[in-house]
Amino acid sequence: MFWSRKKKTKKANAADIGVLPRHLAIIMDGNGRWATRRGMPRTAGHKAGSENFVRTVDACDRLGIQCLTVYAFSTENWQRSDDEVQGILKIMHAYIIKYVPELMKKNIRLRILGDLSYFDEESRRALGDSEKKLENNTGLTLCIALSYGGRNEIKQALESLIREGRTEVTEEDISNRLYTAGLPDPDLVIRTGGEKRISNFLLWQSAYAEYYFSDVLWPDFDEDCLLEAASEFGRRKRRFGK
Ligand code: FPP
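Residues numbered from 1 in each chain as written. Predicted model: local features only at pLDDT ≥ 70, side-chain atom pairs only at ≥ 80, totals over all residues. Heavy atoms only, no water.

Engineer: It is not clear to me how the site of the ligand should be interpreted in this structure. Could you clarify?
Structural biologist: Taken together, 16 residues lie near the ligand, and D29, R33, R42, A72 and R80 sit nearest. N31 places a polar main-chain atom, nitrogen or oxygen, 3.2 Å from an oxygen atom of the ligand. Between the ligand and the protein, one listed contact pairs an oxygen atom with a backbone N or O atom of G32 at 3.0 Å. The cavity that encloses the ligand is the largest pocket. Of all the elements in the fold, those that place two or more residues in the shell around the ligand are α1 (31-36), α2 (42-63) and α3 (82-105). Residue contributions to the shell around the ligand peak at five residues, all from α2. For the shell around the ligand, the per-class residue count stands at five nonpolar, seven polar and four charged. (Near = heavy atom within 4 Å. Polar contact = N/O pair within 3.5 Å; in protein donor to acceptor, adjacent residues only side chain to side chain. 1 Å grid on protein atoms, 1.4 Å probe; cavity = no way out; pocket = protein on both sides within 12 Å on 5 of 7 lines; lining within 4 Å. Sits in = over half its atoms within 2 Å of the grid points. Helix = DSSP H or I, 4+ residues; strand = E, 2+ residues; numbered from the N terminus. Nonpolar A, V, L, I, M, F, W, Y, C, P; charged D, E, K, R; others polar.)

Pasting the structure below:
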């Protein structure tokens, strides 16, 4: 009998990839199907998805990606059943709050992008406190899109310009009033779970982003999948319309 070698797990290594996206954005789709296929309730899929979220932040941090935005909960997701919405929010709340000390250790900055008026005051305060604690960190910027909708974000930016009495605006004026103000535009947007649409995600910011669609369901989208997406991005020629 031979000794067999332990399966190698690939650790993200920027040198293997080439050009890295400065800002990576991910539509984490497929939690529900992942659970249904296993005969489990959908919330079990969201829990597995949250565990993969933690692994992904870790991988992006090691890779040296500057900014990671994940689409955690859309404005449209509020229309799901009360049970599912409560389940998702409970899991996410636990993860985000529990994760803050680890983010601090890793020098990670946190930004929540979205229309938080849907949340009660206590939740808004807890999210704001977490952002505040991490705001002076200088490593990876982690953005969690929560109660986020791209059209609503653009509408709110325009409303703020109208309130200022502006009659002329530049593209920069609009960018500066989005939730992502001050961040680079996403270079690569990954969508897992097999659907090929952008679902109201970072509409303004993704004007020149590269898209990468994967059939893998989010809880199974591991580091090897991430590296494959990053390598493909590294091979693409970006022309920005020129
Ligand atoms: C998509 O799966 C995922 C969501 C609607 C949001 C939930 C995401 C997480 C819990 C992971 C992120 C966690 C944190 C802590 C930020 P789906 O339910 O639409 O899947 P389906 O298309 O298979 O039904």
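Engineer: Looking at this structure, I do not really get the pairing of strand β4 (residues 141-148). What am I missing?
Structural biologist: Two faces make up the sheet, and in a regular strand the side chains alternate between them. Of all eight residues that make up β4, eight are buried, and the element is covered over most of its length. Pairing of strand β2 (residues 67-74) with β4, which is carried by seven bridges, proceeds in the parallel orientation. Paired with S74 across the bridge in β4 is Y148. Bridge count between strand β3 (residues 109-113) and β4: five bridges; the pairing is parallel. The partner of R109 across the bridge, within β4, is T141. (Buried < 20%, exposed > 50% of the residue type's maximum accessible area, 1.4 Å probe, protein only. Pairing = 2+ DSSP bridges.)

Engineer: For this particular structure, what's the right way to read the packing of aromatic side chains?
Structural biologist: Both the distance between ring centres and the angle between the ring planes are used here to describe each pair of aromatic rings. Inspection of the entire model under this criterion finds 10 aromatic pairs. When the centroid spacing of 6.1 Å and the interplanar angle of 65 degrees are considered together, the rings of F53 and Y99 count as edge-to-face. Note that F53 is positioned in helix α2 and Y99 in helix α3, a separation of 46 residues in sequence. Assessed through its relative accessible area of 6%, Y99 is described here as buried. Ring geometry for Y211 against F213: centres 6.0 Å apart, planes inclined by 10 degrees, an arrangement best described as stacked. The exposure class of Y211 is partly exposed, given its relative accessible area of 25%. In this arrangement the basic side chain of K98 is found over the ring face of Y95, its NZ or CZ atom lying 5.1 Å from the centre. (Phe/Tyr/Trp six-rings, centres within 6.5 Å; stacked < 30°, edge-to-face > 60°. Lys NZ or Arg CZ within 6 Å of the ring centre and 35° of its normal.)

Engineer: Where do I start with the pattern of salt bridges in this structure?
Structural biologist: Close approach of charged atoms allows side chains with opposite charge to pair. All chains considered together, the criterion is met by 20 salt bridges. The salt bridge involving E135 is made with K132; its shortest N-O contact spans 2.9 Å. With relative accessibility at 54%, the residue K132 sits in the exposed group. Among the salt bridges present, the one from R238 reaches E210, with a minimum N-O distance of 4.0 Å. One end of the pair, R238, is in the segment after α7 (223-235); the other, E210, is in strand β6 (residues 210-213), with 28 residues separating them in the sequence. Residue class for R238 comes out partly exposed when judged on its relative accessible area of 24%. On the basis of relative accessibility, which here comes to 17%, the residue E210 falls in the buried class. (Salt bridge = Lys/Arg side-chain N within 4 Å of Asp/Glu carboxyl O.)

Worth remembering: the numbers are spatial, not functional.
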